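# Remarks on the overall topology
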Amino acid sequence: MNFTAKMIADFLKGELVGNPDTVVTEVSKIEEGKAGTLSFLANPKYEKYLYTTASSIVLINRDLSVNGTVKPTLIKVDDAYKAFASLLELYASNLPQKSGTEQPSYIHSSAVVGSGCYIGAFAYVGEQAVIGHKVKIYPHTYVGDGVKIGDNTILYPGVKIYQGCAVGANCIIHAGSVIGSDGFGFAQGEDMGFKKIPQLGIVIVEDDVEIGSNVSIDRATMGATLIGKGTKIDNLVQIAHNVEIGHNTVIISQAGVAGSTKIGKNCVIAAQAGLVGHIKIGDNVIIGAQSGVSNNIEENRVCLGSPAIDAGIQKKALVVFKKLPDIYRKIGEFERYIKDHAENERKK
Amino acid sequence: MNFTAKMIADFLKGELVGNPDTVVTEVSKIEEGKAGTLSFLANPKYEKYLYTTASSIVLINRDLSVNGTVKPTLIKVDDAYKAFASLLELYASNLPQKSGTEQPSYIHSSAVVGSGCYIGAFAYVGEQAVIGHKVKIYPHTYVGDGVKIGDNTILYPGVKIYQGCAVGANCIIHAGSVIGSDGFGFAQGEDMGFKKIPQLGIVIVEDDVEIGSNVSIDRATMGATLIGKGTKIDNLVQIAHNVEIGHNTVIISQAGVAGSTKIGKNCVIAAQAGLVGHIKIGDNVIIGAQSGVSNNIEENRVCLGSPAIDAGIQKKALVVFKKLPDIYRKIGEFERYIKDHAENERKK
Amino acid sequence: MNFTAKMIADFLKGELVGNPDTVVTEVSKIEEGKAGTLSFLANPKYEKYLYTTASSIVLINRDLSVNGTVKPTLIKVDDAYKAFASLLELYASNLPQKSGTEQPSYIHSSAVVGSGCYIGAFAYVGEQAVIGHKVKIYPHTYVGDGVKIGDNTILYPGVKIYQGCAVGANCIIHAGSVIGSDGFGFAQGEDMGFKKIPQLGIVIVEDDVEIGSNVSIDRATMGATLIGKGTKIDNLVQIAHNVEIGHNTVIISQAGVAGSTKIGKNCVIAAQAGLVGHIKIGDNVIIGAQSGVSNNIEENRVCLGSPAIDAGIQKKALVVFKKLPDIYRKIGEFERYIKDHAENERKK
């Protein structure tokens, strides 16, 4: 990129303080700024860097009172973090985009591929697959038979989508993620051996979903495992068969959701949490990191711990937990006190 | 599929109630039934759907007493769930099967490939590899030098099997799983740097094993990491070097087993559990979700918690755990009581 | 391999007891020894096997006093385990090494590839990528545009390195690992929907790093996610955006580190532990398995538990935890005692 302070201030509708011709070519954190970089200051804890940074331009909140000498050109905006994010987005949208079809790739003759797509070398598009417009299918990606991919979706290298699954528009799936592997379903026989229950359903990923790297989402036994519109899933997450997740829910790294569990909209499942199967989590629920959820949770609740309970109660119990050796010692003292006392009473 | 009620009843040796010519073309859950689908009713909780479902045929248990008007054709069998599973299996076995060799694929001239195999585009079969009959090797799968794969085994897209490892017959390995990566073995030098211990062993996966997606199973330092016959491993599981797992054991998603640990047969290691290295777990042991096991466990035990203890003791302790703030308050009261009392005694 | 006892003793500068012409062709554990194998005895617990093993040669510690009849040829060294490791290394370095370029592979015309490299079939090397000398890029590996790979580094099958990232010399990255996927960064709008924060940074992996299979390391929002020289990362580990890890730190399987957290040198993060974002872990810190770390930790500390506290305190509390039902019962007794006592006092 190569922008002047004036161009940025105009784009952000911000107030410019300093030289309008200052040029920046990249972005940096304010504490790592150097000549030619653009930074932002949103967190007051970082204000000190405003007076020492070598960044050429800094975005600041309009209501910040500057208490010192500032070298960079400043652009004052309502929300420096959001303004910066929108600049990053503008910048990212101007980066060179992959397009065209690299060779060798494998596109079945019955597959339909929209216009403006990128098909990387060694990508595989199966029989009757339907790929939308402006889709990016990176190298080593597997799009199975009958899979549907919506417009503008990006499948990074090595994504594997099993036959029959559907991914919506404007989705991003990162490298190594697997969509549609068999659900973990077996019937145990009298000889203790297991018989596989065929998994005949699919996975449906709705629009605007982002899925991190090395995620596993299993196909339903029947029907569909469902990832709702706008939901964001981090790396190494496990979603079992027949799980249904609502809109705009966030599932953070290494969390796992067991079979047939239903999660509402606008929830946050924090890192390394686990949910058992066949439960229902209401809307707007927050589940803390490393929690183990084994029961339904009603909407708007915050839960924590393994087993997960109300976060407030859990936190209070954890404070006392550390004092257990002390409690145990005191209990011994009470026992002795009561014993001595009873003896004294008896003697009287 | 396209089956009549009569065909299904004959196959299942069930009793037909209703129109023998009723045709079904797919399966559905009873609560999501529609015309042309086949459902089953096994769990009494779902009985109400029997009287409202739009499914065309429903399998029910022979001993169910029907208390209402039922529209679908019924087929009465001893065990509706198992009967349904066997129908799914019949159905699945009739789905079109992949076969032949897609191009480009890479099969080393010294590799041996059995008859009736499917070799997907971009599949790699290394030097001296030996592939059995009717094996399916999906696109982007890597079968390293000297690897042996038994008959009827399915390797889904992107499976990676390092050199020298062996996979038995009738196995299924899902996308992205890695068999035979180096065990995590290092010797620390005086400079705090680590020297790699070469991992010269292999992984042996016996017959009838299913391995989920994105699983990691490390090769042994010497000898073999062993996955016993009939064992089922879910997604994102970690199996370290020199682990040995018995027959028909189940390891659920995101669980991890550290180096050289031995697990018996018919065990269940639930989701997100972790086992330290160099311990021994007896046969028929159940380890609860998110447990942390740091000691040997004798056969037939049920363990829970981190650190894992007897599940009954753990559950009782967890009930009290929530009351810790209350306990702590009461302890304070006792202390005050004893202090006051002692003072009163002194005053007397 | 095919070595005589004399050759091995000379290489190790060890003392030979027995037939110098004894030949070994492979290595084995002492308890699984057979004719023609070389074993070692380091752990005194295994001494009994010295008198029963069928191994042809056994390395022992010079200070071991042999108390029985020994059949194998012995080689006495200062440290049998280290000596054995160095033999493994010698052996491994003599195994046949992959070299040359298999077809079809994809190397962009603008990429630079050093001498003595192995480029497997279906490997992808992007625009402006720079590959050092003697690098091994196994099949299905993706080296994105502008990626730099140092000399002697091994990328096992299916590794995915996103554009712009850098991997140092003498590194090993195992199958399925993803370097440089987008950090998990979103800004929530008033409609509860999420807007992606573009992730414009990279990942830098320094020299001598080993990364296990199916690991996810996210690129920085700005700047770089950094894996320090000599650090070893096990399978299925999650490293979020802008994390920085010092030299010679060990992160064991299925652990996760959230965004912007900084970890010092010579630390051990044990299996399935989780660290929240934006914290600082000092040098030489040990974090126990399944711990959940939510605060800064000063150097040289050992922490355990979720939430993680000093390991000594945690262990003492855990001992008492099991006794909670007992404690609760006693508290009930005290309450009754005090109540009865107060009543008696009142009656007096």
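Our subject is the structure listed above.
Rules used in this analysis
- Residues numbered from 1 in each chain as written.
- Chains lettered and ligands numbered in written order.
- Predicted model: local features only at pLDDT ≥ 70, side-chain atom pairs only at ≥ 80, totals over all residues.
- Heavy atoms only, no water.
- Contact = heavy atoms within 4.5 Å.
- Buried area = accessible area lost by both parts, 1.4 Å probe.
- Salt bridge = Lys/Arg side-chain N within 4 Å of Asp/Glu carboxyl O.
- Polar contact = N/O pair within 3.5 Å; in protein donor to acceptor, adjacent residues only side chain to side chain.
- Nonpolar A, V, L, I, M, F, W, Y, C, P; charged D, E, K, R; others polar.
- Axes fitted to C-alpha atoms, helices over the stretch in contact; angles between N-to-C directions.
- Helix = DSSP H or I, 4+ residues; strand = E, 2+ residues; numbered from the N terminus.
- Left-handed = near helix turned anticlockwise from the far one by under 90°.
- Buried < 20%, exposed > 50% of the residue type's maximum accessible area, 1.4 Å probe, protein only.

## Comments concerning the interface of chain B and chain A
Counting from both sides, the interface comprises 59 residues of chain B and, opposite them, 68 residues of chain A. For the pair chain B and chain A, the summed buried surface comes to about 5,000 Å²; carbon and sulfur atoms form 67% of the total. On the surface where chain B and chain A come into contact, there are 4 salt bridges. The partner of Lys98(B) in a salt bridge is Asp145(A), and the shortest N-O contact between them spans 2.8 Å. Where chain B meets chain A, there are 23 residue pairs in polar contact (both at pLDDT 80 or more). Taken together, the residues that form the side of chain B that touches chain A break down as 32 nonpolar, 16 polar and 11 charged.

## Topic: the packing of helix H5 (residues 324–347) of chain A against helix H4 (residues 324–347) of chain C
Axes are the key here: two packed helices are described by the angle between their axes and the distance separating the axes. For the pair H5(A) and H4(C), the least separation of the axes is 11 Å and the interaxial angle reads 35 degrees. The handedness of the crossing between H5(A) and H4(C) comes out as left-handed. Two secondary-structure elements touch here, H5(A) through Leu324(A), Tyr328(A), Ile331(A), Phe334(A), Glu335(A), Ile338(A), His341(A) and Glu345(A) and H4(C) through Leu324(C), Ile327(C), Lys330(C), Ile331(C), Phe334(C), Tyr337(C) and His341(C). Residues belonging to the contact of H5(A) with H4(C) are distributed by class as follows: 10 nonpolar, 2 polar and 3 charged.

## Remarks on unusual backbone geometry
Cis geometry is found at the peptide bond from Ser306(A) to Pro307(A), where omega equals 5 degrees. As for its placement among the helices and strands, Pro307(A) is situated in the loop between strand S39 (302–304) and strand S40 (309–310). Cis peptide bonds are those with omega within 30 degrees of zero, and the linkage from Gln103(C) to Pro104(C) qualifies with 0 degrees. Looking at where Pro104(C) falls in the secondary structure, it is placed in the loop between strand S8 (100–101) and strand S9 (106–107). Residue Lys13(A) is not a glycine yet carries a positive backbone phi of 55 degrees. Secondary-structure assignment places Lys13(A) in the loop between helix H1 (5–12) and strand S2 (15–17). Despite not being glycine, Gln290(B) has its phi angle at roughly 65 degrees, a positive value. By the secondary structure assignment, Gln290(B) is in the loop between strand S37 (286–287) and strand S38 (292–293). Relative accessible area serves as the criterion here: at 13%, Gln290(B) is assigned to the buried category.

Purely geometric stuff here, so don't read any function into it on its own.
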